[in-house]
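Residue-level listing of the chains:
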Amino acid sequence: KQMNYSKETTCMFTGHRDIMSIEPEHMSRLAPEIYKAIALGKTTFLCGGARGWDTYTALTIASIKVKKPLIKLVLVLPCCRAEQTKFWGNTHIVVYDSIFKCADDVIYVSEHYYDKCYYDRNAKMVEMSSYCICYLKNEKSGTGQTVRLARKNGLDVVNIADGGLGNV
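Report on the accompanying structure. (Residues numbered from 1 in each chain as written. Predicted model: local features only at pLDDT ≥ 70, side-chain atom pairs only at ≥ 80, totals over all residues. Heavy atoms only, no water.)

## As for the packing of aromatic side chains
So, point 1. Enumeration over the complete set of coordinates arrives at six aromatic pairs.
So, point 2. Ring centres 5.8 Å apart and planes at 35 degrees place the aromatic pair W53 and Y135 in the tilted group. One end of the pair, W53, is in helix α3 (residues 53–67); the other, Y135, is in strand β5 (residues 131–135), with 82 residues separating them in the sequence. For the pair formed by W53 and Y135, the shared burial category is buried. (Phe/Tyr/Trp six-rings, centres within 6.5 Å; stacked < 30°, edge-to-face > 60°. Helix = DSSP H or I, 4+ residues; strand = E, 2+ residues; numbered from the N terminus. Buried < 20%, exposed > 50% of the residue type's maximum accessible area, 1.4 Å probe, protein only.)

Below, the structure written as structure tokens:
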């Protein structure tokens, strides 16, 4: 079944792949920010399906869905599973597959990997959303590029890596 999407009720996530360096205090800010987004009327949450932040946000949405069954988890993927996970270890693939089972919808930017597929995936999530929850520490990164695109397109952006919470 094809889901209908409303920009107004859609929130995207973007963040770094290396989450081992994220302070626990920052990690603990994610769920409250998601609940705040839900209170603001966001019901669809887009995750990019990569390791790290994307995985963490998808698992968090999956756990919140138990209490808030009306919210939707949508994976927006750069390419097919086989190509996206080609160089991943088994543990990451098992987690990826479990997220797939929780997803209400999966959108593929392309069937096959190509040089700009991650950029195009990020642009697609920005285009579909009005709200962005990010983990941005390094401006010179794909995450930094995505956050700049989100701001340029008028999304409300919340960076949980900031000292204080609120829009950045």
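## Side note on the sheet that holds strand β6 (residues 156–159)
So, point 1. Strand order across the open sheet formed by six strands is β4-β3-β2-β1-β5-β6, with parallel pairing between neighbours. Each edge of the sheet is formed by a strand with only one pairing partner; in this case those strands are β4 (105–108) and β6. For this sheet the average axis-to-axis angle between neighbouring strands, irrespective of direction, equals 25 degrees.
So, point 2. Examined bridge by bridge, strand β1 (residues 10–15) and strand β2 (residues 44–47) share three bridges and lie parallel to one another. Note that in β2 the partner of C11 across the bridge is F45. (Pairing = 2+ DSSP bridges. Axes fitted to C-alpha atoms, helices over the stretch in contact; angles between N-to-C directions.)

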